[in-house]
Amino acid sequence: KKKKKKKKGERGPVNVSGYIQVHYKHRFEASGDGTVEPGAFRVTRARVSLSGDLKSWASYVLEIDPRAPTIMGVMRDAYLELRVLPYHRLYLGQRKTPFGYENGVSSTEAYTVTRSELGEGPARGFTLRDIGVWVKGRIPLGRGFAFEDELALVNGSGMNVQIDDT
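Residues numbered from 1 in each chain as written. Predicted model: local features only at pLDDT ≥ 70, side-chain atom pairs only at ≥ 80, totals over all residues. Heavy atoms only, no water.

> Let's hear about the environment of alanine 58: which residues, and what values?
Along the chain, alanine 58 falls in strand S3 (residues 58–64). Take alanine 58: its relative accessible area is 5%, and that puts it in the buried class. With 32 residues separating them along the chain, alanine 58 and leucine 90 place their C-alpha atoms 9.5 Å apart. With near-sequence residues (within four places) excluded, alanine 58 lies in contact with Asp53, Glu81, Leu82 and Arg83. (Helix = DSSP H or I, 4+ residues; strand = E, 2+ residues; numbered from the N terminus. Buried < 20%, exposed > 50% of the residue type's maximum accessible area, 1.4 Å probe, protein only. Contact = heavy atoms within 4.5 Å.)

> Account for the pattern of salt bridges, naming residues and giving values.
In this structure the tally under the stated criterion is 10 salt bridges. Residue arginine 27 is joined to glutamate 37 by a salt bridge in which the shortest nitrogen-to-oxygen separation is 3.5 Å. Note that arginine 27 is positioned in the loop between strand S1 (15–25) and strand S2 (40–55) and glutamate 37 in the loop between S1 and S2, a separation of 10 residues in sequence. Put simply, Arg47, Glu63, Asp65, Asp77 and Arg129 are held in one network by salt bridges that share partners. (Salt bridge = Lys/Arg side-chain N within 4 Å of Asp/Glu carboxyl O.)

> Just give me the short version of the pairing of strand S7 (residues 145–154), but keep the residues and values in it.
With 10 bridges joining them, strand S6 (residues 129–142) and S7 adopt antiparallel strand pairing. The residue of S7 that forms the bridge with proline 140 is alanine 146. (Pairing = 2+ DSSP bridges.)

In structure tokens:
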């Protein structure tokens, strides 16, 4: 059987990816008394992701955090992405809630070194993630301009909480 060639941007049914971020601090003697605290090593972030295309118009993402301090934090993202609306994508499941530019991007991809006070405080909540339905779009206007929109309807209880008690 001849294999179908993948189009640009098309993924297979199961793609595995992830990353690990570590921190090491080597301490040295600076006080003159000859004592040195031991070095410190920790894993600050670790992620394992499964993603893939189910159909030409549907895909999924499942991301876990194996170093989460509680079992409630292990599952980070778990959603279906449907490409059924022109210039828009529909998301069903759990993912980061949209609130301004900052919530949707990693700190490594942000335009500024630190997040704004609003972006760090009330906009982020406890975890940034919630369960619900999202519509996200980008309508090209020409000459490099576009209209971007995003709307979410979430239960407001936070990550991995199904009971709406808010």
